[in-house]
Protein chains: 2
Amino acid sequence: MAGKEPEIITDKNQMRKWSRAMRSQGKTIGLVPTMGYLHEGHISLIKEAHKHTNLIVVSIYVNPGQFSPTEDLSTYPSDFHGDIQKLMAIPGGVDAVFHPHNLYDYAKSKPTGVNNNSSNCENSGGGEPERKGVVSCVEERGLGHETWVRVERLEKGMCGNSRPVFFRGVATIVTKLFNIVEPDVAMFGKKDYQQWRIIQRMVRDLDFSIEVVGSDIVRDNDGLAMSSRNVHLSPEEREKALSINRSLSRAKSAAENGQINCRELRNSVVQAVNSAGGRIDYAEIVDQETLEAVEEIQSPVVFCIAAWFGKVRLIDNLEMNI
Amino acid sequence: MAGKEPEIITDKNQMRKWSRAMRSQGKTIGLVPTMGYLHEGHISLIKEAHKHTNLIVVSIYVNPGQFSPTEDLSTYPSDFHGDIQKLMAIPGGVDAVFHPHNLYDYAKSKPTGVNNNSSNCENSGGGEPERKGVVSCVEERGLGHETWVRVERLEKGMCGNSRPVFFRGVATIVTKLFNIVEPDVAMFGKKDYQQWRIIQRMVRDLDFSIEVVGSDIVRDNDGLAMSSRNVHLSPEEREKALSINRSLSRAKSAAENGQINCRELRNSVVQAVNSAGGRIDYAEIVDQETLEAVEEIQSPVVFCIAAWFGKVRLIDNLEMNI
């Protein structure tokens, strides 16, 4: 099924030039940032974006700044050709795909210390990173990039606990993409709920003139939230992983029926995931805006969970508007 | 002497609208960020800006995000009416003055903890700040802003040692101003040498499409570097403060005559300032780009100094292109 072929742009200056040319023609631009290996979740973001702007830019870039050297950058799945086919199959298609090679490679920068310990960052060099504790694959590769955007309250807790460089890397790459693409609207999936709230807060705090739109989680027929990482699950692990969405749904029903004690709701989900063979990273019921844990559900909350099945870490969440 | 009257804009949305309207007419825009109480240093930045863009925006905003509660926010001098007169006296004038009331006051934000300890931040409330260690007047006022831009290597050392929130606050407010004014060129004075290099690095790392231009230090007839804080010096303190620029000049001459040992150059400056009654905060000879201390001058360096005279902290520097 062939549809509109997107313009593929790899150079950041060319990308900005494209956007500015379009804007000068009175067009509005929507950005859908992705790391590729597109699935129905991404497709739904793009369809939603079509409701907001004249033109759609999809960025496909696996951002080393949000991976620590112990995480799965080197095995993150990719299929650029397949991604383009999927984009062409969307009604209305997309107008441009921004697919840069390396957004942290600056000409003329003096080299900085790099690490030669074993790591999952490709192309590591030799040397010693300056900062212990919080180091991403960008520092480890010694790329000289040193500016980071941090959303200091919201980045704490949940995914921020187990992935200390993650949200710093996300906020920074999104800032870079905003400055390169200069969109009017940017789409984010609510599956990454904490990420979505962090980007909203960043846009407010840094006065970006960009509307951030959150799009609902897309689930497979069995209820598993769509994720590029699902491809790494064995059929058995996938079956076990359904314990996440099933127990979240039961918790939501229980809450709607008056069970507002978060400790008990949480225990039931943790028990269900553990029984299925999952290893809980976190399971928290938090305020939808502040992401602060609540003890009793008195206002809109979201139940967020992260759990390992085999070598795959999955996240999911369910809003409870009570 | 009356010249062109600038448009005075206090609302950030209005400011962006103005810029976009001008850009749509093909105009280029230069931004000169200031905290007001303008002096010849600022005027020279504006004159330099006229060489780069069609239109000039001067922002006048005393940024609470770069002051810690123990610093001099509450006594920072201001004279808005006088500033406008000075701007009107510049040949070509300026086109707009952006003079916002509070760039950290967001509607609808949930309140956060604030501090009621004695401080130099005006309008402090009650409560407890979340972060110890690095807290500016923004957090202390409980304004809910939580996103900060950090240039992690360059912000260390020199002014970053004695003013731990300073560069974080500068990088963040400049990001906000860039996103509001959307200039083509931004002017910074080399008197704040570390700040200038940090902004250059930030622009590169975050892919802002803005040219950062550094402008030379402007000195009074006696050689003292222009600063809004000079007004707080008594005549006696001012005389003593001349030890800074005089000893820096002597060090430069010595270096040009073959004295390349930085420890000896540094000792001579420290001794001169101490003898005059100043209290050295730092005196360092560093690489012009990386701002790393050097032991011998083999390539372009800058001699940076900060010293207290009475209650006033002054900074100055001299490039040595050897």
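None of these values were measured; they are calculated from a predicted model. (Residues numbered from 1 in each chain as written. Chains lettered and ligands numbered in written order. Predicted model: local features only at pLDDT ≥ 70, side-chain atom pairs only at ≥ 80, totals over all residues. Heavy atoms only, no water.)

## Thoughts on the domain arrangement of chain A
All names here are of chain A. Threshold: Residue ranges labeled as domains rest on an automatic or database domain assignment. Contact definition: two residues touch when any of their heavy atoms are within 4.5 Å. A 1.4 Å probe defines the accessible area here, and the buried area is the portion of it lost by two parts on being joined, summed over both. Between Lys or Arg on one side and Asp or Glu on the other, a salt bridge is scored when a side-chain nitrogen of the former is within 4 Å of a carboxyl oxygen of the latter. By the criterion applied in these results, polar contacts are pairs of N or O atoms within 3.5 Å in which, for protein atoms, one can donate a hydrogen and the other can accept it, and in which residues neighboring in sequence qualify only through two side-chain atoms. Helical segments are the DSSP runs of H or I of at least four residues, strand segments are the runs of E of at least two, and each set is numbered from the N terminus. Residues are sorted three ways: Asp, Glu, Lys and Arg are charged, Ala, Val, Leu, Ile, Met, Phe, Trp, Tyr, Cys and Pro are nonpolar, and all the rest, Gly among them, are polar.
Domain annotation of chain A identifies domain 1 (7–108 + 116–215) and domain 2 (228–315). Facing 20 residues of domain 1, the contacting portion of domain 2 comprises 16 residues. Between domain 1 and domain 2, roughly 1600 Å² of surface is buried when both sides are summed, and carbon and sulfur atoms account for 56% of that area. Between domain 1 and domain 2 we count 2 salt bridges in total. For Arg229, the salt bridge identified is with Asp72, shortest N-O distance 2.9 Å. Counting every contact that joins domain 1 to domain 2 gives 6 residue pairs in polar contact (both at pLDDT 80 or more). Secondary structure elements with two or more residues in the side of domain 1 that touches domain 2: helix H5 (159–162) and helix H7 (193–205). The element best represented in the side of domain 1 that touches domain 2 is H7, accounting for 4 residues. Tallied by class, the residues present in the side of domain 1 that touches domain 2 amount to 8 nonpolar, 6 polar and 6 charged.

## Re the pattern of salt bridges
Counted only if it meets this: Accessibility here uses a 1.4 Å probe with only protein chains present; expressed as a share of the type maximum, an area under 20% marks a residue as buried, one over 50% as exposed, and anything in between as partly exposed.
Under the counting rule described, the total for this entry stands at 44 salt bridges over all chains. The shortest N-O distance in the salt bridge between A:Glu289 and A:Arg201 comes to 3.8 Å. Of the two residues, A:Glu289 sits in the loop between strand S8 (279–287) and strand S9 (301–309) while A:Arg201 sits in helix H7, which places them 88 residues apart along the sequence. What makes A:Arg201 buried here is its relative accessible area of 16%. Members of the salt-bridge network, linked through shared partners, are A:Lys12, A:Lys176 and B:Asp207.

## What to know about the confidence of the model for chain A
All names here are of chain A. Quick note on the threshold: As a per-residue measure, pLDDT tells how confident the predictor is, with possible values from 0 to 100.
When pLDDT is averaged along chain A, the result is 92, and 92% of the positions lie at 70 or above. When the criterion is pLDDT under 50, residues 111–116 qualifies, and its contacts beyond four places in sequence or with other chains add up to 28 contacts. A low-confidence stretch, residues 124–131 stays under pLDDT 50, and its non-local contacts, those more than four residues away or across chains, total 25 contacts.

## Concerning the nonpolar core
Put simply, the rule reads: As used in this record, nonpolar core signifies buried Ala, Val, Leu, Ile, Met, Phe, Trp, Tyr and Cys residues forming a set joined through side-chain atoms within 4.5 Å.
Core analysis: the biggest nonpolar cluster contains 102 residues, and A:Phe178, A:Met202, B:Phe178 and B:Met202 have the highest contact counts within it. Among residues more than four places away in sequence, those in contact with A:Phe178 are A:Leu31, A:Pro183, A:Ala186, A:Phe188, A:Ile199, A:Met202, A:Val203, A:Phe208 and A:Ile210.

## Thoughts on the interface of chain A and chain B
Rules: Whether two strands pair comes down to DSSP finding at least two bridges between them.
Every contact between the two is made by 41 residues of chain A and, on the other side, 41 residues of chain B. Taking both sides of the interface into account, the surface hidden between chain A and chain B amounts to around 3800 Å²; carbon and sulfur atoms contribute 41%. Contact with chain B buries area across many residues of chain A, yet A:Glu146, A:Arg153 and A:Asp207 alone supply 21% of it, more than any other trio. Along the contact surface separating chain A from chain B lie 28 residue pairs in polar contact (both at pLDDT 80 or more). Listed by contribution, the elements that provide at least two residues to the side of chain A that touches chain B are helix H1 (12–24), strand S5 (147–151), helix H6 (166–181) and H7 of chain A. Here the side of chain A that touches chain B takes 6 residues from H6(A), the largest share from any one element. For the side of chain A that touches chain B, a count of residues per class yields 10 nonpolar, 11 polar and 20 charged. In this sheet, strand S5 (residues 147–151) of chain B lies alongside S5(A) in antiparallel orientation, the contact comprising 5 bridges. From the neighbouring strand, A:Val149 faces S5(B), where its bridge partner is B:Val149.

## Let's talk about the packing of helix H8 (residues 235–256) of chain B against helix H9 (residues 262–275) of chain B
All names here are of chain B. The condition that has to hold: The axes are straight lines fitted to the C-alpha atoms, using for helices just the contacting stretch, and the angles between their N-to-C directions are given from 0 to 180°. Roughly parallel here means an angle under 35 degrees, roughly antiparallel means over 145, roughly perpendicular means 65 to 115, and every remaining angle is called oblique. Helix crossings fall into two classes, left-handed where the near helix is turned counterclockwise from the far one by less than a right angle and right-handed where it is turned clockwise.
Closest axis-to-axis distance for the H8/H9 pair is 9 Å, and the angle between their directions is 160°. Classified by the interaxial angle, the pair formed by H8 and H9 is roughly antiparallel. In this structure, the crossing between H8 and H9 has a hand that is right-handed. Residues Ser243, Ile244, Ser247, Leu248, Arg250, Ala251, Ala254 and Ala255 of H8 form the contact with H9, whose participating residues are Leu265, Val269, Ala272 and Val273. Broken down by class, the residue content of the contact of H8 with H9 amounts to 9 nonpolar, 2 polar and 1 charged.

## Considering the relation of the copies chain A and chain B
So the rule is basically this: Only residues with pLDDT of at least 70 in both copies count here: their C-alpha atoms drive the least-squares fit that superposes the copies.
Note on the identical chains: chain A maps onto chain B by a rotation of 180° and an axial translation of 0.0 Å, with an RMSD of 0.0 Å. The transformation just described matches what one would write down for a two-fold rotation axis. Scanning chain A for the C-alpha nearest the rotation axis identifies A:Val149, at a separation of 2.3 Å. A shared interface surface links the copies, since 100% of the contact residues of chain A are contact residues in chain B too.

## Here's the deal with the pairing of strand S7 (residues 211–215) of chain B
All names here are of chain B. We count it as follows: A right-handed crossover is one whose linking path, passing over the helix from the first strand to the second, runs clockwise when the strands point away from the viewer.
As judged from the 5 bridges shared by strand S6 (residues 185–189) and S7, these two strands associate in the parallel manner. Following the sheet pairing, Met187 is matched in S7 by Val213. Running through helix H7 (residues 193–205), the crossover from S6 to the neighbouring parallel element S7 is right-handed.

## Observations concerning the sheet that holds strand S4 (residues 96–98) of chain A
Residue and element names in this part refer to chain A. Taking strand neighbours across the sheet as the criterion, the 6 strands line up as S1-S4-S3-S2-S6-S7 in an open arrangement whose pairing is parallel. The sheet terminates laterally at strand S1 (7–9) and strand S7 (211–215), the two strands that pair on one side only. Between one strand axis and the next, the sheet turns through 25° on average, direction left out of account. Looking at chain direction, strand S2 (residues 29–34) and strand S6 (residues 185–189) are connected through 2 bridges and run parallel. For Gly30, the partnering residue across the bridge sits in S6 and is Val185.

## Observations concerning helix H9 (residues 262–275) of chain A
All names here are of chain A. Our working definition: Helices are assigned an expected span. That span is 1.5 Å times one less than the residue count. Taken from the helix axis, the directions to the C-beta atoms give the arc we talk about.
Relative to the 20 Å expected for 14 residues at 1.5 Å per residue, H9 spans 20 Å between its end C-alpha atoms, a close match to the ideal helical length. Taken residue by residue, H9 has Cys262, Leu265, Val269, Val270, Ala272 and Val273 as its buried positions. Down the axis of H9, the sector holding all buried residues measures 160°, keeping them to one side. Opposite the buried face of H9, at more than 90 degrees from it, the exposed residues are Arg263, Gln271 and Ser275. Against the buried residues of H9 lie helix H8 (235–256), S8 and S9. A positive backbone phi angle near 100° is found at Gly277, which sits one or two residues after H9.

## Comments concerning the state of the cysteines
What we call a disulfide is simply a covalent bond connecting the sulfur atoms of a pair of cysteines. The criterion, for reference: In plain terms, two cysteine sulfur atoms within 2.5 Å form what is called a disulfide here.
Scanning all chains against the criterion turns up 2 disulfides over all chains. Each disulfide pairs two cysteine sulfurs, and for B:Cys121 the partner residue is B:Cys137, the sulfurs being separated by 2.0 Å. Taking the sign of the S-S torsion, about -75° here, the bridge from B:Cys121 to B:Cys137 comes out left-handed. Of this pair, B:Cys121 sits in the loop between strand S4 (96–98) and helix H4 (137–140) while B:Cys137 sits in helix H4, and the two are 16 residues apart along the sequence. A relative accessible area of 0% means that B:Cys137 is categorised as buried. Counting only cysteine sulfurs, A:Cys304 is the nearest neighbor of A:Cys159, a cysteine outside any disulfide, at a range of 8.1 Å.

## As for the packing of aromatic side chains
Residues and elements named next belong to chain A. Counted only if it meets this: When the centres of two rings from Phe, Tyr and Trp lie within 6.5 Å, Trp using its six-membered ring, the rings pair. Their planes under 30 degrees apart give stacked, over 60 give edge-to-face, and anything left gives tilted. Here, over-ring charges are defined by two tests on the NZ atom of lysine or the CZ atom of arginine: distance to the ring centre within 6 Å, and angle to the ring normal within 35 degrees.
Across all of its chains, the model carries 10 aromatic pairs over all chains by this definition. For the ring pair Phe178 and Phe208, a centre distance of 5.3 Å and an interplane angle of 75° mean the geometry is edge-to-face. Here the residue Phe178 occupies a position in helix H6, and Phe208 occupies one in the loop between H7 and S7, the gap between them amounting to 30 residues. Above the plane of the ring of Trp148 lies Arg168, whose end atom (NZ or CZ) is 3.8 Å from the centre. Lying across the ring of Tyr104, Lys176 places its NZ or CZ 5.0 Å from the centre.

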